[in-house]
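# A look at the structure
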Amino acid sequence: MDDKKNIEKISEAFKAWEEKTNKVVSKNPERKAQFETLSEIPINRLYTPLDIQHLDYLEKIGFPGLYPFVRGVQNTMHRGRFWTMRQYAGFGSAEDTNKRFRYLLEQGQTGLSVAFDLPTQIGYDSDHSLALGEVGKVGVAIDSVRDMAVLFDQIPLDQVSTSMTTNSPAAVITAMYLALAEKSGISFDKLRGTIQNDVLKEYIARGTYIFPPKPAMRITTNIIDYCAKNMPQWNSISISGYHMREAGCTAVQEVAFTLADGISYVESVINAGLKIDEFAPRLSFFFSAHQDFLEEIAKYRAARRLWARIMKERFKAQDPRSWMLRYHVQTAGCSLTAQQPLLNILRTGFEALSAVLGGCQSLHTNSYDEALALPTEQAVQIALRTQQIIAHEAGVTETADPLAGSYYIEYLTDKIEADAEEYIRKIWDMGGMIPAIEAGYIQQEIAHSAYEYQKKVESKERIVVGVNKFQIKEPPPTGLLKVDMSVGDRQTEKLKILRAERNQQAVASCLDKIKKGAEKENENLMPLILDAVKAEATLGEICDAMREVFGEYIGGTSY
Amino acid sequence: MSEKKIIRVVLAKPGLDGHDRGVKVIARALRDAGMEVIYTGLRQTPEQIVTAVEQEDADVLMLSILSGAHNYLFPRIMELLKEKGISDILVLGGGIIPDEDIPELKEIGIKGIFRPGTELKTIIDFIHSNLAQPSIA
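Everything quoted here is computed from the prediction, not taken from an experiment. (Residues numbered from 1 in each chain as written. Chains lettered and ligands numbered in written order. Predicted model: local features only at pLDDT ≥ 70, side-chain atom pairs only at ≥ 80, totals over all residues.)

All names here are of chain A. The first and last C-alpha atoms of helix α6 (residues 170-183) sit 20 Å apart over 14 residues, in line with the 20 Å expected at 1.5 Å per residue. With respect to burial, α6 is a largely interior element, 11 of its 14 residues being buried. Elements in contact with the buried residues of α6: α5 (145-151), β3 (161-165), β4 (192-195), α8 (213-230), α21 (526-534) and α22 (539-550). Following α6 by one or two positions, G185 has its phi on the positive side, about 75°. (Helix = DSSP H or I, 4+ residues; strand = E, 2+ residues; numbered from the N terminus. Expected span 1.5 Å × (residues − 1). Buried ≥ 20, exposed ≤ 12 C-beta atoms within 10 Å, placed from the backbone. Contact = placed C-beta atoms within 7 Å.)

Turning our attention to the domain arrangement of chain A. Residue and element names in this part refer to chain A. Along its sequence, chain A is organised into domain 1 (4-53) and domain 2 (62-458). When each unit is reduced to the centre of its C-alpha atoms, the spacing between domain 1 and domain 2 is 37 Å. Counting residues at the interface gives 10 residues for domain 1, matched by 12 residues for domain 2. Here the side of domain 1 that touches domain 2 is composed, by residue class, of 5 nonpolar, 3 polar and 2 charged. (Domains from an automatic or database assignment. Nonpolar A, V, L, I, M, F, W, Y, C, P; charged D, E, K, R; others polar.)

Time to look at the packing of helix α12 (residues 293-314) of chain A against helix α16 (residues 407-429) of chain A. All names here are of chain A. At a minimum axis separation of 8 Å, α12 and α16 run at an interaxial angle of 55°. Considering their axes alone, α12 and α16 lie oblique with respect to each other. As α12 packs across α16, the resulting crossing turns out to be right-handed. Here L294, E295, I297, A298, K299, R301, A302, R305 and L306 of α12 lie close against α16, whose contacting residues are Y408, I409, L412, T413, I416, E417, A420 and E421. Tallied by class, the residues present in the contact of α12 with α16 amount to 10 nonpolar, 1 polar and 6 charged. (Axes fitted to C-alpha atoms, helices over the stretch in contact; angles between N-to-C directions. Parallel < 35°, antiparallel > 145°, perpendicular 65-115°, else oblique. Left-handed = near helix turned anticlockwise from the far one by under 90°.)

All names here are of chain A. An order of β5-β4-β3-β2-β1-β9-β8-β7-β6 is seen for the 9 strands of this open sheet, with the pairing classed as parallel. Edge positions in the sheet fall to β5 (234-235) and β6 (237-240), since each has one partner strand and no second. Bridging between strand β7 (residues 283-289) and strand β8 (residues 327-331) involves 5 bridges; their strand directions are parallel. Residue F287 lies in a different strand from β8, and its bridge partner there is V329. (Pairing = 2+ DSSP bridges.)

What follows is the structure in structure tokens.
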């Protein structure tokens with residue numbers, strides 16, 4: 001960015017400095033022979049204008065709100081408004097979770113985020129044999145639109161933005177939300193929120209798949225199509241790197257695999273007949289905030305630039321909103337330790353700060369007790385307050401992208417973008433993301449990174465405070481949240497009542513229509529599922545209807 | 001039994017939980033420690049897991065669960081092993097398991113419970129020292 005003559009001068013001065021420093025180091029060695037980021041990117045002793053001299057400011061960095069959006073997607077960034085403070089929450093029954101939601105809103109949370117239990121995420125009703133022991137454990141149990149009504153009791157849907165972590169049965173959950181809105185007289189165009197709807201990463205890392213990739217992609221595409229036409233303020237997908245990062249991949253892999261999934265969705269929706277600018281502005285993303293503070297900031301900046309380029313150059317999108325990578329962040333669950341759990345408050349704080357400095361639109365901060373159990377109210381309050389301290393006290397929100405121009409940050413942004421792009425190229429040499437997943441390539445890459453990291457922790461090349469250094473003897477933790485074991489029985493009872501009260505024939509006819517619709521490749525399943533939900537068909541029944549036609553995916557056994 | 005018998009381990013994910021980072025890391029570590037590792041993949045029912053143990057003639061069964069369903073699923077698996085008369089097997093559990101649940105799990109025959117932060121070496125050593133002891137019929 002400096003002119004040529006100046007670069008020459010800096011280069012000479014740098015050489016002189018390096019020589020001198022090397023002499024010092026030969027007597028007093030540095031702490032390590034080699035330094036690297038958490039993602040194994042080598043780190044130099046110092047970064048100077050020499051490292052970023054190839055970066056043209058206007059082309060590569062530019063301004064917030066303008067292509068290529070390195071400096072953020074909005075012109076005023078957090079000066080305009082803060083990110084949405086959105087704590088992922090859900091446990092037990094709809095009643096339990098509704099209470100937690102209202103507590104969080106009272107505490108100043110600005111958006112909702114629903115965690116569903118595993119049976120709900122995998123399309124089983126609470127009374128299914130495979131649901132035994134799992135009902136209400138890691139999220140809320142939702143079987144029918146009746147549960148959904150309880151979940152949002154006293155929460156006006158036109159006044160909150162709601163994110164829902166549901167993937168394989170995303171169409172059913174979306175339909176329940178729509179049915180609830182309709183019942184309250186709220187038109188669909190007023191609804192704000194996000195449905196995760198990202199099935200590809202389920203095969204790679206998260207594991208809540210139901211159907212094989214092809215029909216699953218079709219349902220995802222149906223939802224994106226339906227949202228584009230009916231829900232203009234709704235993010236129809238949240239393309240997620242978070243879970244792959246949690247599974248152990250590096251920052252570069254997180255960017256590469258997430259954007260590669262994104263490319264696959266875009267291709268699929270275009271093949272279904274939509275034009276890129278009709279749906280791309282409502283695509284959203286979800287990343288992790290891991291522990292390497294500066295690397296994470298660079299990661300978000302790199303992801304924004306790479307996605308903008310992909311959308312403009314590869315897909316020829318014209319609408320600037322199609323170029324923008326808007327994203328939610330969650331701090332890294334895998335960085336939390338069961339040992340000395342209060343230290344997790346600090347870890348989460350640093351991670352959250354990187355998310356904000358990186359320019360996030362929405363943020364979840366983990367609670368300190370989450371390596372042990374689902375969080376208590378007190379732990380969640382501290383997590384939320386962490387965001388509020390960053391917003392109101394830390395001073396980092398008063399100018400857009402304050403770390404731009406840092407030689408290291410700009411170098412690392414460029415490096416992560418280039419390495420991720422190379423990965424994406426490699427994946428497309430294998431035929432694209434779906435063949436790469438089916439071949440187990442992505443899963444193997446992640447498992448490899450996870451094992452390498454663990455070996456570094458064991459050899460103490462990586463220090464985890466309280467785990468492999470600075471350990472103390474501590475009493476077992478107390479006061480953890482315990483999910484009431486009776487929630488499964490209560491849900492089963494509710495299902496009995498539902499099945500006795502509803503119009504059985506109407507349900508059967510709706511389910512039959514879903515099966516017939518599933519058989520026709522060009523039919524959008526969303527309206528059929530909406531009818532079924534309104535007739536009070538259960539989530540399990542609707543998913544079973546689709547299972548009959550689509551079959552089920554069997555997970556891999558490689559490691 | 002010859003002295004050089006290779007230890008056969010079935011690593012299983014019971015229930016609906018999809019967190020497999022830990023189980024895959026352990027699978028690689030046990031393999032690198034010279035054991036024969038069979039990973040069942042996700043979403044295994046107790047019946048499927050016990051069948052895998054039988055078919056693979058496993059010396060060790062390791063169950064990984066992070067969803068909180070261990071209180072239901074672990075006892076069910078132990079019950080099925082008993083029904084099938086499989087007693088000469090070392091059963092270990094891993095995942096997010098609260099302290100207060102551990103005594104009950106040990107009582108039903110799960111010899112070791114390993115939680116986040118456990119060193120791989122600890123697990124490998126545990127297997128070696130607990131298999132070395134003659135099984136009590």
